[in-house]
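A structural walkthrough
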Amino acid sequence: MKADSDKPHLTRAHALDLLKQMIRVRRFEGKCAELYTEEKIRGFLHLYDGEEAVAVGVIPVLEKRDRVVATYREHGHALVRGVPMKPLLAEMYGKQEGCSRGRGGSMHLFDAATNFHGGNAIVGGGLPLAIGLALAEHMRASDVVIACFFGEGAVAEGEFHESLNLAALWGLPVLFVCENNLYAMGTALALSESETDIGRKAACYRIESETVDGMDVIAVEAAARRAVHAVRASGKPYFLECRTYRLRAHSMFDAQLYRDKAEVEAWRHKEPIVRLQGWLETNGMIHPDDLSRIENEVAAEIAEAVAFAEAGTWEPVEQLTRFTYANPSVPTGQ
Amino acid sequence: MQQETARSGTIEMTYREAVREAIREAIKRDERVFLMGEDVGHYGGCYAVSKGLLAEFGPERIRDTPLSESGFTGAGIGAAMAGLRPIVEVMTVNFSLLALDQILNTAATVRHMSGNQFGAPVVIRMATGAGRQLAAQHSHSLEGWYAHIPGIKVLAPATLEDARGMLWTALQDPDPVLIFENVMLYNMTGKLAADAGAVDIDKAVVRRPGRDISLITYGGSLWKTLEAAATLAGENIEAEVIDLRSLRPLDDATIMASVAKTRRAVIIDEGWRSGSLAAEIGMRIVEQAFYELDAPIARVCSEEVPIPYPRHLENAAIPQADKIVAAAKAALGRE
């Protein structure tokens, strides 16, 4: 696929690839939830179940030289960006073979090789960082695009407003991707925003924006092509709101007292994998064999990742303070 | 690190001008360096540090920002991560609290948290300290808070040489460096070597040698401490004055060598006493040089109040030479 084209190339192969990427993220996280109950993964674990179409629709449109800033719900973004599943899962185990040497865990996946600038566990905290990455690219006159993902909860943060203003004021190549899943942890959008049409906030900063059905991967991809093309061509920011829904709990500690089971059920029927699969079936673009092949391939990849993470090793405690500073001779307190 | 001032002639200048020269040199020497902050360009810097630099270097490299401390500090961190060498100016340490998320949660953590894949070689300069009757939201000395944070370095240039020389070294550092400039120093005039340049940023220095007591301080309090030492000399007390220069990391070796010699220590710190940098230094002395001590360690810190507006109360709230003299004499049993 060529990222400089606005048109999605919806060949059978491409559609199946989109489906596979979403299934890959979904199955991987399903395994993560299992591993969490087995206490292989600890800390916070935020699953992307239901929102896969956003990462899968947006990230493959980016070029290798582009940069990605993500949130603490970023397993899908990392996988789709090309962070290999093995070090990704090892990271969640806390093993030193992990993509952040095991220091970050689920919320802090980093990978310099794919310009993946991290899961950030401060809501809104990634936006100023994206501004800075974009400022550097702007000052060196490159055509690199910074894709910055955040939830609608971040929209209430001052850093969101500061960052949108800076991006527009200075003309910086940031693609803001708002993953609007309707709940900031357990607080519904209407309980946290006076203006719930988030695209209008971008308009206030004179940033071109588009709102897309975030459960429709084909629509997301088409919008992402327009958006990335616009940012690369103009060097200016673009705001993409993807309306989506988180089907599982906020984290593994969430009893979901704030929403009805019926609401979740209703969204289950609209979720992106079911939706793409149904569309492919209706249009005769998928065979039962395709699905079993995808499932088998994904299952094999996950099994290998689990084996890799299990075989991983713990970083020696003697290295605890390593990389607090680049220079190992800088004392860290002793 | 002391310049050999005799060698090449000297130039009279203010501390402000020394900082400006440091910024000019850095921007000229390294195309990755730029200055960014509130009113650094058209206004010339709220303390006039960057006056004239916009005309010289243009708006890309002397970048005025909106009043968005978290936004532009984070932007500096991100730009550093992407290969540039930004100098971020925050008007005062009180305002830097609006950027604390980016400084602590991103700049200080990213190298360790990413397993050394990403770093943030940014320099963040800000004014600190009381003395200009700017009251309780512009006058605090919170550098000790920042010195609490692993992952960043914290500098307090007290002299023209350090104002001129620390910036370049800080910009070469692969990690974030915060530079605290005491507001009372900007107008300080002195002689600086014509060829003054980069200085180290990790060693404390003895600004005045002495055998009777160690007075350990930094930043704006250095000059009050030297004044106190001169007074003490009139009473046959030879105080050794240590300028910490770097608040993180602390140069324990210089501190302990001095205490081992004088056997008495007073720490002078414009931060509040409870949980202060002075407390940290005192504890380090206890840990590392307890048996060298002949008297309890003493501290002269700010009174634990928000810094008030009227001059007499402001003066009473922060360390002054007479308090330092009194604390030193008490430690020597010469009250």
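The model shown is predicted, which means the values in this text are computed figures rather than measured ones.

Across its full length, chain A carries 12 helices and eight strands. Over its C-alpha atoms chain A spans a radius of gyration of 20 Å, differing by no more than 12% from the 20 Å that the globule rule assigns to 334 residues. Taking the principal axes of its C-alpha atoms as reference, chain A extends roughly 55 × 50 × 40 Å. Within chain A, the proportion of its 334 residues that are buried is 51%. Across chain A, every contact between residues at least 6 apart in sequence was considered, and the portion connecting residues at least 24 apart equals 75%.

What follows covers the overall build of chain B. When helices and strands are tallied, chain B shows 13 helices and 14 strands. With respect to the principal axes defined by its C-alpha atoms, chain B has extents near 60 × 45 × 40 Å. The buried share of chain B, taken over its 335 residues, is 58%. Taking all contacts inside chain B whose residues are at least 6 apart in sequence as the whole, residues at least 24 apart take part in 78%.

On to the domain arrangement of chain B. All names here are of chain B. The domain boundaries assigned to chain B delineate domain 1 (10–193) and domain 2 (205–331). Contact with domain 1, which involves 23 residues of that partner, is made by 24 residues of domain 2. Elements with a minimum of two residues in the side of domain 1 that touches domain 2: helix H7 (143–146), strand E6 (153–155) and strand E7 (177–182). Residue composition of the side of domain 1 that touches domain 2, by class: 12 nonpolar, eight polar and three charged.

Residue and element names in this part refer to chain B. If you walk across this open sheet you meet the five strands as E9-E11-E10-E13-E14, and the pairing is mixed. Either end of the sheet is taken by a strand with one partner, and the two such strands are strand E9 (205–208) and strand E14 (298–302). Adjacent strand axes in the sheet meet at a mean angle of 25° when their direction is disregarded. Here five bridges tie strand E10 (residues 213–217) to strand E11 (residues 239–243), and the two strands are oriented parallel to one another. Residue pairing in the sheet places Ile213 in a bridge with Ala239 of E11.

The two faces of the sheet receive side chains in turn, since in a regular strand these alternate between them. Residue and element names in this part refer to chain A. Counted residue by residue, strand E4 (residues 174–180) has seven buried out of seven residues, so it is predominantly covered. Burial of the side chains of E4 extends over both faces: Val174, Phe176, Cys178 and Asn180 are buried on one face and Leu175, Val177 and Glu179 on the other. In this structure, strand E3 (residues 146–151) lies alongside E4, joined through six bridges in parallel fashion. Bridge pairing links Ala147 to Leu175 in E4. Between E3 and its parallel partner E4, the chain crosses via helix H6 (residues 158–170), and the hand of that crossover is right-handed. Pairing of E4 with strand E8 (residues 238–243), which is carried by six bridges, proceeds in the parallel orientation. Looking at the pairing, Glu179 lines up with Cys242 of E8.

Attention now moves to the interface of chain B and chain A. Chain B puts 34 residues into the contact, and the matching count from chain A is 36 residues. With 10 residues, the single largest contributor to the side of chain B that touches chain A is helix H3 (residues 69–81) of chain B.

Once that is clear, we can look at the sheet that holds strand E5 (residues 123–128) of chain B. Strands belonging to one sheet form pairs held by backbone hydrogen bonds; the direction of such a pair is parallel or antiparallel. All names here are of chain B. The seven strands are arranged E3-E2-E4-E5-E7-E6-E12 in an open sheet whose pairing can be described as mixed. Every other strand in the sheet has two partners, leaving strand E3 (62–64) and strand E12 (246–248) as the edge strands with one partner each. Each neighbouring strand pair of the sheet contributes to a mean axis angle of 20°, computed without reference to strand direction. As paired strands, E6 and E12 are joined by two bridges and run antiparallel to one another. Considered in E12, the bridge of Leu155 is made with Ser246.

So, how was this worked out
- Residues numbered from 1 in each chain as written.
- Chains lettered and ligands numbered in written order.
- Predicted model: local features only at pLDDT ≥ 70, side-chain atom pairs only at ≥ 80, totals over all residues.
- Helix = DSSP H or I, 4+ residues; strand = E, 2+ residues; numbered from the N terminus.
- Rg over C-alpha atoms; globule rule 2.2 N^0.38 Å.
- Buried ≥ 20, exposed ≤ 12 C-beta atoms within 10 Å, placed from the backbone.
- Contact = placed C-beta atoms within 7 Å.
- Domains from an automatic or database assignment.
- Nonpolar A, V, L, I, M, F, W, Y, C, P; charged D, E, K, R; others polar.
- Pairing = 2+ DSSP bridges.
- Axes fitted to C-alpha atoms, helices over the stretch in contact; angles between N-to-C directions.
- Right-handed = clockwise from strand over helix to strand, strands pointing away.

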